Amino acid sequence: MFSFPIQILPADVAAETAALNEKLAKGISNLTNLTDDDIDIGSTPKDVVFEQDGIKVYHYHALAEPSQIMKTPLLIVPPLINGYEVADLQPDRSLVRNLLNQGIDVYLNDWGYPRQVDKYRTLDDYINGYFDDTVDFIRKHHGVDKIALFGICQGGAMSTTYSTLNPDKISHLVLTVSPIDFDAYKANHKPHEGLMFTMGADADVEKMVAVHGNVPATVLNESFMMASPFILNYGKYADVIDILDDRLALQNFLRMEKWLFGGPDAGGQMFKEFIRDFLKGNKLVKGTLEIGGRKVDLKELTIPILNIFAEKDHIVPPPCTVALGKHVGSKDYTEFAIATGHIGIYTGGLSQKVLAPTVGKWMRERGA
Amino acid sequence: MENKNPNEQLGGVVNAWADMQKRMWGDWSSLLQNLPGGSEGPVEAAKKGVAAASKGTNEAARMLMDRMTSSQGAMNRVMDFFFKSMKIVAPNLEANKDWRPDLKGFAEQWAKESTAMLERSFGMGSHLGNLSSTLSKDLPDAMGPWLSFLMQAASSGHVGEAMLGGTSGINRLLSMEGDAALAGVGEIPLFGASREKNAKLLRLVDAVVDLRKNSLTFHTAFGDALAKAVEATVEELGKVAAKGEKITAVRQLMSLWYRTADKSLLVTFNTQEFLDKQNAFTAAQQQFKLAQRAVVEDIFRGLDMPTRSELDETYQVIHELKKEVRALKKALLPAAPAAVAKSSPAPRKAAAARAKSE
């Protein structure tokens, strides 16, 4: 007979409840004493050096000795559908700080928060317009012909596209968890993989944009949370009780919450085109992608490429990122895996030790 | 002392869970009563307390309070589903019988209850009833026979489409009557000059009907998905038992249920069958919003207020003008070779100031 393993006695429940209540009482005090200044994200010191239509370019203050700073600046390109702060969540979990400590001169493109008036911006506007203007500004500001790019997720797909179209402006391309081949996960499909892509491929984005204008961040968040609905919607908030009495842990929890739920809406036309051309059409790897009437041929991408992916990525399955190697013309193509997840690659403990040093070493070895 | 009777164990756990909820959140609420705004209920109290203590600057903490309190209700429903499922599974386990058919029956019942709850929140039944009675009351008696056909035609489908004429359903019905004169009635513009406005209203009703149907289908699929998650959890409990281990805390049990359910749900969510139902539900929600907007825009036009469509046109013009300005600026400003900046790098602050003015 099945020996039922649930043996919860009333006395255990009473003890558990008492312990939780104690945590809650302390937690109330911590919560009421924390201000928004305590839950700062994106806090590494920086200047806004360029601004256009709500899109800002940050230049971060150097952390390395001047003699150690590389001559080629690096532009971080975040996705259009998430806040840039994932690259700088908190001082001890900051990709930006880690890159600065490697002697890299770091710029970052903050795409901002599209409003309804911005919903007609196309991928062409973003890539051949704002992105190109940013790169031109940094080249001029820094006095160099070429700069390096560091793409984050969707920002990586955009960086790949831009680098292919502008070989005269980009010297090195670093990609992190970037979707390139949106069908690659299907070859050896595991039933729990690729939910975001499968949902996206079936979604009626035309109608979604007709309804919303810009696709609300809440809609995107709900899709992301379907990958782990109970833990992300309930379990996480039940577990937070355990850290309510730990001010530092609570601060860090709230920083992640602030980033997760404070992100931008996805610009309507851009989102429609990205889903149509990149996700559904998979045109980047098929060689049929055109941006602003210019064909994007990955064989023309010949600069050094460092392609970093997360082994436990549930949003962009690793096969979809590493497929890039088959399609590019570059003879200097390197892959690097980190045993973490899609967000953990920027905020996880292991990545803090591994990601930036790998990028720094790779850039130095290539004369950056 | 170990209790080997799963029925008794579960009864105890369910009672303990209810007690824990009551005591934990009861105490939580009483703590909040001491904060400003405590008399308005725990959620408001928490928000006001946090806001007052931090002089309104603690948005992240307020957000957490919102999420903790709003997730609590949903979390309890999910746990209730689990406990109720287990109460169905346990007697069969004890009797060494297959518990899956009973679990499936429970999931179906749960889906029906969920959708009934949604229907009540939509007020769909009463909306359709009101529409029918208004039409019967306000239209001339001469239209009575037509309305009677209409009601029959629409009884299992779209009232709006049927009323607008030209539907295969109503025409078939009328032609079946063999009355040529009457058949033409189906084609008349029912509301004359106001037909188009009413058409939008009726299409909105159709959209709600579709939303209701697709909601039922989706929630049934979701109920099935939850039942599969319970199956997976029973298997996990079997593994725990096989190892001779015990679950002695409510949160330990919650954790097992959440982890196992999430794995199972992710697999179900990724099946084409589930995605089709989810997409149909989403499409129905979107169609409802579009139909709703069509009605609202008519009202706005009547009040000389700008509509979403008119604003969209303006946004598009602004977008195109901005694009032209950017292109003109780029064409007119002299290209600055990189070498200029390289020869005399400006201090960071000065560079920032200059860049901002560009």
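Above this text you will find the structure in question.
Keep in mind that what you see is a predicted model, and the values were worked out from it rather than measured.

Parameters at a glance
- Residues numbered from 1 in each chain as written.
- Chains lettered and ligands numbered in written order.
- Predicted model: local features only at pLDDT ≥ 70, side-chain atom pairs only at ≥ 80, totals over all residues.
- Heavy atoms only, no water.
- Axes fitted to C-alpha atoms, helices over the stretch in contact; angles between N-to-C directions.
- Helix = DSSP H or I, 4+ residues; strand = E, 2+ residues; numbered from the N terminus.
- Parallel < 35°, antiparallel > 145°, perpendicular 65-115°, else oblique.
- Left-handed = near helix turned anticlockwise from the far one by under 90°.
- Contact = heavy atoms within 4.5 Å.
- Nonpolar A, V, L, I, M, F, W, Y, C, P; charged D, E, K, R; others polar.
- Phe/Tyr/Trp six-rings, centres within 6.5 Å; stacked < 30°, edge-to-face > 60°.
- Buried < 20%, exposed > 50% of the residue type's maximum accessible area, 1.4 Å probe, protein only.
- Lys NZ or Arg CZ within 6 Å of the ring centre and 35° of its normal.
- Patch = residues over 30% accessible without salt bridge, like charges linked within 9 Å, V, L, I, M, F, W, Y side chains within 5 Å.
- Areas by Shrake-Rupley, 256 points an atom, 1.4 Å probe, with all protein chains shown as cover.
- Salt bridge = Lys/Arg side-chain N within 4 Å of Asp/Glu carboxyl O.

Engineer: Quick question: what am I supposed to make of the packing of helix α8 (residues 229-239) of chain A against helix α11 (residues 250-269) of chain B here?
Structural biologist: The description of two packed helices rests on the angle between their axes and on the distance between the axes. Closest axis-to-axis distance for the α8(A)/α11(B) pair is 8 Å, and the angle between their directions is 160 degrees. In terms of orientation, α8(A) lies roughly antiparallel with respect to α11(B). Judged by the twist between their axes, the crossing of α8(A) over α11(B) is left-handed. Judged by residue contacts, P229(A), F230(A), I231(A), Y234(A), G235(A), A238(A) and D239(A) of α8(A) engage R251(B), M254(B), W257(B), Y258(B), R259(B), A261(B), D262(B), L265(B) and F269(B) from α11(B). Split by residue class, the contact of α8(A) with α11(B) holds 11 nonpolar, one polar and four charged.

Engineer: How do you make sense of the side chain of D298(B) when you look at a structure like this?
Structural biologist: Here D298(B) shows up in helix α12 (residues 272-302). Those residues in contact with D298(B) that lie beyond four places of it in its chain are K197(B) and K200(B).

Engineer: I'm lost on the packing of aromatic side chains in this one. Help?
Structural biologist: What describes a pair of aromatic rings is the distance from one ring centre to the other and the angle between the planes of the rings. As enumerated under the stated definition, the model contains 21 aromatic pairs over all chains in all. With a centroid separation of 5.6 Å and an interplanar angle of 55 degrees, the aromatic rings of F218(B) and F274(B) are classed as tilted. One end of the pair, F218(B), is in helix α10 (residues 195-242); the other, F274(B), is in helix α12, and 56 residues separate them in sequence. With relative accessibility at 12%, the residue F218(B) sits in the buried group. Through a chain of ring-to-ring contacts, the aromatic side chains of W111(A), Y126(A), Y130(A), F131(A) and Y162(A) assemble into a single cluster. If you follow K46(A) out to its NZ or CZ, it ends over the ring of Y58(A), 5.0 Å from the centre.

Engineer: Quick question: what am I supposed to make of a nonpolar patch on the surface here?
Structural biologist: A surface patch of nonpolar side chains, about 290 Å² in accessible area, is lined by I299(B), L303(B) and M305(B). Position of M305(B) among the secondary structure elements: in the loop between α12 and α13 (308-332).

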